[in-house]
Amino acid sequence: DDRNKNHEEDCRTIRLKETLAREQRFTFGDGTTRDTLYSVVGFSLADGGPGGLVGVIVDITAQKEAERAARRAEQLVADVTGHLPALVAQIRVGLDGSRAFTFVSRRVEEMLGVARAAALSDSEAVLGSVLPEDRPAFDASLASSARDLEPWVHEYRQLLPDGSVRWMRAEASPAPGADGAVILSGYLADVTEARELQREVKKAEERWQLALDANNDGIWDLDAATGDIWFSTRWKSMLGYRWDEIP
């Protein structure tokens, strides 16, 4: 166990007259168990025989508790963001325009096929797969948000490792950081299906309008719930109105 291991280390330190430092938990006289930094050096007696240890024990309980609290908080954030349907991220934009992710949720691996560690070590692991034709507008919009401290909202296309292309929507709020940098905190969502649905709705509306234009009948529509009334262009012309005279 740890007690036997520590005893062997202490004996070796005395025998070789070495310096030893380790973190160790001690139970104090008041019954509390504390985290300590145990630092000693071995010494010999005048006759050359093993003498003992001399050193210090520093109470570092508060520091270790802070470290444990930070790890718990980090794990909580990872657990929460890892189950959201979007990728949560924080990116630092330096005065020189450099970019570095300071946080990315685990969803980066599922959504973009990029390892979390890779994204944190090099932002181009994520940004480098923005479609080349979309990259200039992407860079310009991000730089503008960082410069003006205005919310960042941008849609663009991302090339995934499997060769598919997905539409992404990025939204983030900027805040001043250290050394003149700007920190943008927000999320990235896959909006491919939503954009396809919008395109289908638009096509249906265009087909409907073509059908109305080809029809010689005037058509109107009343929304019973809101009371809104819509009139076709043909209906207006039949009654002697211009197309823009009635909403």
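Quantities reported herein were computed from a predicted structural model and do not represent experimental measurements. (Residues numbered from 1 in each chain as written. Predicted model: local features only at pLDDT ≥ 70, side-chain atom pairs only at ≥ 80, totals over all residues. Heavy atoms only, no water.)

Chemist: Explain the pattern of salt bridges to me, and be specific about the residues and the numbers.
Modeler: A complete count under the given rule lists 20 salt bridges for this structure. Residue Asp35 pairs with Arg68 through a salt bridge whose shortest N-O separation is 2.9 Å. Placement of the pair is Asp35 in strand 2 (residues 33-44) and Arg68 in helix 2 (residues 61-82), with a sequence separation of 33 residues. By relative accessible area, which is 21% here, Arg68 ends up partly exposed. Close ionic contact of Arg68 with Glu65 constitutes a salt bridge, the shortest N to O distance being 2.9 Å. You can see Arg68 and its partner Glu65 sitting in helix 2, three residues apart, about one turn around the helix. For Glu65, a relative accessible area of 39% corresponds to the partly exposed category. Connected via shared salt-bridge partners are Arg25, Asp35, Glu65 and Arg68. (Salt bridge = Lys/Arg side-chain N within 4 Å of Asp/Glu carboxyl O. Helix = DSSP H or I, 4+ residues; strand = E, 2+ residues; numbered from the N terminus. Buried < 20%, exposed > 50% of the residue type's maximum accessible area, 1.4 Å probe, protein only.)

Chemist: Kindly report on the sheet that holds strand 3 (residues 50-59), identifying the contributing residues and their values.
Modeler: Taken in spatial order, the three strands line up as 1-2-3 in an open sheet, and their pairing is antiparallel. The open sheet has two edge strands with one neighbour each: strand 1 (19-27) and strand 3. Across this sheet, the average inter-strand angle for adjacent strands is 30°, counted without regard to direction. Inspection of the sheet shows strand 1 paired to strand 2 by nine bridges, in the antiparallel sense. Looking at strand 2, one finds that Thr27 is bridged to Thr33. (Pairing = 2+ DSSP bridges. Axes fitted to C-alpha atoms, helices over the stretch in contact; angles between N-to-C directions.)

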